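So you can see what is in the structure, the chains are spelled out below.
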Amino acid sequence: MDNKQRLELTWIGKNNLDYDISNIEPRILEENLKLSNCENDPNTENMIIHGDNLLALKALLPEYEGKIKCIYIDPPYNTGNAFEHYDDCVEHSTWLSLMKPRLELLKKLLSRDGVILVQIDDKEGHYLKVLMDEVFDRNNFLVSIAVRSSTPSGLKTAHKAKTIIKQKDFILVYKNGPDIKISPAYIPKESWDDHYNYFFDKENNKVLNLKDVLLEHGIVDKKQKISDINIFDKDFRDFYLKNKDRIFRTAPEMPIDIKNQSKQNLSTIIEYGDEDGKQYAWNGNRMTFLNKTIKIIDGEEYMSNLLCDFWGDIDFQNTQNEGGVKFPASKKPEKLILRILNMFTEENDFVLDSFLGSGTTAAVAHKMKRRYIGVEMGDHAYSHCKVRLDNVIDGSDQGGISRSVEWKGGGAYRFYELAPSFIIKDEFSNPIIDEYYDDVKLIKAMCKFMNFTYQPSKTEYWKHGIGQGKNYIYITTQLLTSGIVQQIIGHLKEGETLTICPKKFEPGADKIDNRIIIKKIPQSVLKSCQFGKKDYLLPIKELSMEEIDTDEENDE
């Protein structure tokens, strides 16, 4: 045993077996055809899942393991306040026990070049940071983004003499490996940068004073400084955007030979090239043009600043009716998710939110042409998430980011429910397969239990799912005879192996060929996890998992 001490966060209930992800039953997901909206795209991969998110995350394995590019979650903050749609008042150690297995499953789903962002506040944020260091590795921590999420007004200021008013949330950001790629984000400048005070008259190959040019165009008067002009003034804005490749500032960085040549030829513009393309030197300095700072933000061009780890520009106060659904005190702005997905994803990447709430992440991902998976436990999966996405699809949702991304409608999603527990107990307390599981559902469930992807072959009846390499699985409720095994062996190709899961098999059938492994159901799955647990919420109990006595006959 490794007795080496390590830095970690401990709490009562951390090692509760109920929350060990290996003990969580991998339920199958059943599509609710009445709630799915697939008319525009019958092959859509977008998913909304109603149910406990711990069970749902386990259900997504193995089909989505390592496939999710970006995970954003906004879990309950454990503030001690009761909100309309969920109980946010959870005892501290219980909150940590709820978060740990969910983070562990999210890590499994995250791609090698993926990123996870968790929005939280001071109540649990620092404990969450240490927990995420443990789950995702401290070396994979990228940044803690401070987001201004409220303003000091109204009832919030009632106790200003006794406390400091909270204005911010944190977004903890972790990568999952070294291959992460970030598209930098920018925000509009609020005032003119005085260093941009030159104008390149290309036609006459000379440099002019920018203020003189602005005077000539009637944009500024003699008493004004350029910085006095409102940067968003229409005439001024039209002028500098039209001349963004003529207005410039100077910078000293340039090849030394070009610098010396320029110093010896003052007032002469010298053209040269480097790895960034065509460049110009003037009076011993490089000419840096305004177009370098012009970025498209929310669909329009702006002079910009690089966005770093403080996001104070997003309005959290007017989001109540975004998407056509009300979600007081909890809804996040669509613009926030837009920024995150622009930074960390591209079109067609998978995005996941397992605390979907009112459906913001799914709605934004849909409008941005990302594939998405959203999980929501409460009834607002129906009353909010579905309603909101239907509004997105039919184009009636023109709020949020719709105009900036020119959203007109379209797309599709599938709506899923978690299937019931695979194993139940009969009237004599014996474990049996739930009658809910017909042949098809049984095959899907067994594929999950045995860590195979459900992928039935169109030509070979005995290929129900595929594992790693050329490993296949076959599930049958019939008696498996030696003759059937011999028949299958005759069709196995070079390098192929097969796991067969029957209810019963003929003695000796498991000894015919070492490429065939037979695991009887339900004995093969009874000890793989705990069954019958409907959700993984409150309360946490310090009890070991109940053992199920099973018949080991014919079991591997």
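Before any of the text, the structure's been laid out above.
My aim in this report is to walk through the structure given alongside it, one point at a time. (Residues numbered from 1 in each chain as written. Predicted model: local features only at pLDDT ≥ 70, side-chain atom pairs only at ≥ 80, totals over all residues. Heavy atoms only, no water.)

**Here's the deal with the packing of aromatic side chains**
Applied cut-off: Side-chain rings of Phe, Tyr and Trp (the six-membered ring for Trp) are treated as a pair once their centres are within 6.5 Å; stacked means planes under 30 degrees apart, edge-to-face means over 60, and tilted covers the remaining angles. The helix count covers DSSP runs of H or I at least four residues long, the strand count covers runs of E at least two residues long, and both are numbered beginning at the N terminus. A ring is scored as having a charge over it whenever the NZ atom of a lysine or the CZ atom of an arginine sits within 6 Å of its centre and within 35 degrees of its normal.
By the definition in use, this model includes 20 aromatic pairs. Seen from their ring centres, phenylalanine 232 and tyrosine 302 are 6.3 Å apart, and the 75° between their planes marks the pair as edge-to-face. Remark: tyrosine 302 occurs in strand 15 (residues 300-306) and phenylalanine 232 occurs in the loop between helix 4 (210-216) and helix 5 (234-242); sequence separation between them is 70 residues. Among the aromatic residues, ring-to-ring pairing joins Tyr198, Phe200, Phe248, Tyr280, Trp282 and Phe289 into one connected group. If you follow lysine 129 out to its NZ or CZ, it ends over the ring of phenylalanine 141, 4.3 Å from the centre. Across the ring face of tyrosine 186, the terminal group of lysine 295 is positioned such that the distance to the ring centre comes to 4.8 Å.

**So, the packing of helix 7 (residues 334-344) against helix 8 (residues 360-367)**
When two helices pack together, their arrangement is given by the angle between the helix axes and the distance between those axes. For the record, the criterion: Think of each axis as a best-fit line through the C-alpha atoms, taken over the contacting stretch in the case of a helix, with angles from 0 to 180 degrees between the N-to-C directions. Angles are sorted into four bins: roughly parallel if under 35 degrees, roughly antiparallel if over 145, roughly perpendicular if 65 to 115, and oblique for all others. A crossing counts as left-handed when the near helix is turned anticlockwise from the far one by less than a right angle, and as right-handed when that turn is clockwise. Contacts are assigned to residue pairs that have any heavy atoms within 4.5 Å of one another.
Packing of helix 7 against helix 8 leaves a shortest axis separation of 9 Å and a crossing angle of 55°. For the element pair helix 7 / helix 8, the angle class is oblique. Crossing angle aside, the handedness with which helix 7 passes helix 8 is right-handed. On helix 8, the residues touching Glu334, Ile337, Leu338 and Leu341 of helix 7 are Thr360, Thr361, Ala363, Val364, Ala365 and Lys367.

**Let's talk about the pattern of salt bridges**
Rule in force here: Any carboxyl oxygen of Asp or Glu that lies within 4 Å of a side-chain nitrogen of Lys or Arg is treated as forming a salt bridge with it. Using a 1.4 Å probe on the protein chains alone, a residue whose accessible area is under 20% of its type maximum counts as buried, one over 50% counts as exposed, and one in between counts as partly exposed.
Enumeration according to the criterion identifies 32 salt bridges in this entry. Linking aspartate 122 and lysine 168 is a salt bridge whose minimum nitrogen-to-oxygen distance equals 3.3 Å. Of this pair, aspartate 122 sits in the loop between strand 4 (110-120) and helix 3 (125-136) while lysine 168 sits in strand 6 (residues 168-175), and the two are 46 residues apart along the sequence. The class of lysine 168 is partly exposed, set by a relative accessible area of 33%. Among the ionic pairs, lysine 463 bridges to glutamate 460, the shortest N-O distance being 3.0 Å. Here lysine 463 matches glutamate 460 in class, with each residue buried.

**Some thoughts on the pairing of strand 24 (residues 471-480)**
Operational definition: At least two bridges found by DSSP between two strands is the condition for calling them paired.
In this structure, strand 23 (residues 465-466) lies alongside strand 24, joined through two bridges in antiparallel fashion. Its bridge partner lying in strand 24, isoleucine 466 is registered against tyrosine 472. What sits between strand 23 and strand 24 in their antiparallel hairpin is a turn of four residues, with glycine 469 showing a positive phi close to 65°. Here eight bridges tie strand 24 to strand 25 (residues 497-505), and the two strands are oriented parallel to one another. Among the inter-strand pairings, threonine 476 is bridged to a residue of strand 25, identified as proline 502.

**Details of helix 9 (residues 380-394)**
As a reminder, the rule being used: By this rule the span expected of a helix is its residue count minus one, scaled by 1.5 Å. Note on bend: the value at a residue is the angle between axes fitted to the seven residues ending there and to the seven starting there.
For helix 9, with 15 residues, the first-to-last C-alpha span of 20 Å sits near the 21 Å given by 1.5 Å per residue. Bending of helix 9 peaks at approximately 25° at the position of lysine 386. In the segment just after helix 9, glycine 395 is the residue with positive phi, at about 85°.

**Digging into the layout of surface pockets**
Selection criterion: We place a 1 Å grid over just the protein atoms. Points where a 1.4 Å probe fits but has no way out form a cavity, open points with protein on both sides within 12 Å along at least 5 of 7 lines form a pocket, and any residue with an atom within 4 Å of a point lines it. Grid points are joined across faces, edges and corners, and a volume is the space filled by probe spheres set on the points. All amino acids are sorted into three groups, where Ala, Val, Leu, Ile, Met, Phe, Trp, Tyr, Cys and Pro are nonpolar, Asp, Glu, Lys and Arg are charged, and the leftover types, Gly among them, are polar.
In this structure, the second largest pocket spans a volume of roughly 530 Å³. Counting only elements with at least two residues in the lining of the second largest pocket, the list comes to strand 1 (29-31), strand 19 (414-418), helix 10 (439-449) and strand 22 (453-454). Residues belonging to the lining of the second largest pocket are distributed by class as follows: eight nonpolar, four polar and six charged.

**Quick notes on the sheet that holds strand 17 (residues 350-353)**
Spatial ordering of the open sheet is given by 1-19-2-18-17-3-4-6-5-16, a layout of 10 strands whose pairing is mixed. Sheet topology places strand 1 and strand 16 (310-311) at the edges, where each strand pairs with a single neighbour. Of the pairings in the sheet, the one linking strand 17 to strand 18 (residues 371-376) comprises four bridges and is parallel in character. By the bridge assignment, phenylalanine 350 is partnered in strand 18 with arginine 371. Each of strand 3 (68-73), strand 4, strand 6, strand 16 and strand 17 touches helix 7; the most contacted strand, strand 3, lies at about 155° to it.

**Remarks on the nonpolar core**
Threshold: In this description, a nonpolar core means a group of buried Ala, Val, Leu, Ile, Met, Phe, Trp, Tyr and Cys residues linked to one another through side-chain atoms lying within 4.5 Å.
Of all hydrophobic cores here, the largest spans 47 residues; its most connected members are Ile49, Leu60, Leu103, Ile116, Leu128, Met132 and Leu352. With eight residues, helix 2 (residues 92-109) is the single largest residue contributor to this core.

**Details of the packing of helix 8 against helix 9**
It is at 9 Å that the axes of helix 8 and helix 9 come closest, and there the two elements cross at 15°. Considering their axes alone, helix 8 and helix 9 lie roughly parallel with respect to each other. Where helix 8 crosses over helix 9, the two elements pack in a sense that is right-handed. Together, Thr360, Ala362, Ala363, His366 and Lys367 of helix 8 and Arg388, Leu389, Val392 and Ile393 of helix 9 make up the contact between the two elements. A breakdown of the residues in the contact of helix 8 with helix 9 according to their chemical character gives five nonpolar, two polar and two charged.

**Describing the state of the cysteines**
Put simply, the rule reads: Cysteine sulfur pairs qualify as disulfides if the two atoms are within 2.5 Å.
Tallied over the full model, the rule gives zero disulfides. Residue cysteine 38 stays outside any disulfide, its sulfur separated by 16 Å from that of cysteine 385, the closest cysteine. With no disulfide of its own, cysteine 70 has cysteine 385 as its nearest cysteine by sulfur position, at a separation of 17 Å. Judged by relative accessible area, which is 0%, cysteine 70 ranks as buried.

**Overview of the pairing of strand 5 (residues 141-148)**
The side chains of a regular strand alternate between the sheet's two faces. Here strand 5 pairs with strand 6 via seven bridges, running antiparallel. Of the residues in strand 6, the one forming a bridge with arginine 148 is lysine 168. The sheet contact formed by strand 5 and strand 16 spans two bridges and is parallel. Looking at the pairing, alanine 146 lines up with phenylalanine 310 of strand 16.

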